[in-house]
Amino acid sequence: MKRMYYLSTCSTCKKILEETNAVGKGFALQDIKKEKITPEQLDQMKEMTGSYESLFSRRSQKYRPMGLDERDLTEEEYRSLILEEYTFLKRPVTIAGKKIFVGNDKKTVEALKNFVNQS
C-alpha cells in the first residue's frame, strides 16, 4: 500500500507532494479534511509508529484553546482527539509498504524523498 494522508489546504503538504512526486510514483492521496481517517487507518499508523502520541500535532490551532497543553494526555485521548479533529493528525503521514513517515520536519521529508525516489 502506498498512501499519503495530507491536507489539500496546507502549503507545506503541497510542497512535499511536489518534491516527492508521490502521485507520479503511484501514491493514493487522502485529504483528511474531505475524507476523515478511519479508526482502522489510525490504528494501523499507531502499530507502525508505536504510539498515538507520535501522530499527534501540538501545532493544531485547537491545542491550546482546548487546554490540552496543560494536561498529560493518555494514548486513548490522543486517539480520540485525532479521530474527532483532523487538525490533530501530524501531517503529512505517508505509508509505503512497511515504512511510515510522519510529519514535515526536514529529516523526515528528506528520508521520504529518498525512499520515494528509490521506489
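Shown above is the structure to which this text applies.
In what follows, the accompanying structure is described. (Residues numbered from 1 in each chain as written. Predicted model: local features only at pLDDT ≥ 70, side-chain atom pairs only at ≥ 80, totals over all residues. Heavy atoms only, no water.)

1. A closer look at the overall build of the chain
Which entries qualify depends on this criterion: Strands are runs of DSSP state E lasting at least two residues, helices are runs of H or I lasting at least four, and both sets are numbered from the N terminus onward. Radius of gyration: C-alpha atoms only; globule rule: 2.2 Å multiplied by the number of residues to the exponent 0.38. Any two residues whose heavy atoms approach within 4.5 Å at even a single point are treated as in contact. In short, Shrake-Rupley with a 1.4 Å probe defines the accessible areas, and a residue's cover is counted only from the protein chains shown.
Within the chain, the regular secondary structure consists of 4 helices and 4 strands. Starting at the N terminus and ending at the C terminus, the chain contains elements arranged as β-α-β-α-α-β-β-α. Over its C-alpha atoms the chain spans a radius of gyration of 14 Å, differing by no more than 12% from the 14 Å that the globule rule assigns to 119 residues. Once the C-alpha set of the chain is aligned to its principal axes, its extents read approximately 40 × 25 × 25 Å. Contacts in the chain between residues at least 24 apart in sequence constitute 66% of all its contacts with a sequence separation of at least 6. Taken as a whole, the chain presents about 7,000 Å² of accessible surface, with 46% of it coming from carbon and sulfur.

2. Re the pattern of salt bridges
What counts is decided by this rule: In the sections that follow, a salt bridge refers to a side-chain nitrogen of Lys or Arg positioned within 4 Å of a carboxyl oxygen of Asp or Glu. For the exposure calls, accessible area comes from a 1.4 Å probe over protein chains only, and a residue counts as buried if that area is under 20% of its type's maximum, exposed if over 50%, partly exposed in between.
All chains considered together, the criterion is met by 8 salt bridges. Close ionic contact of Glu19 with Lys15 constitutes a salt bridge, the shortest N to O distance being 3.9 Å. Note that Glu19 and Lys15 are positioned in helix 1 (residues 11-20) at a spacing of 4 residues, about one turn of the helix. For Glu19, a relative accessible area of 34% puts it in the partly exposed group. Look at Lys15 and you get exposed, because its relative accessible area is 51%.

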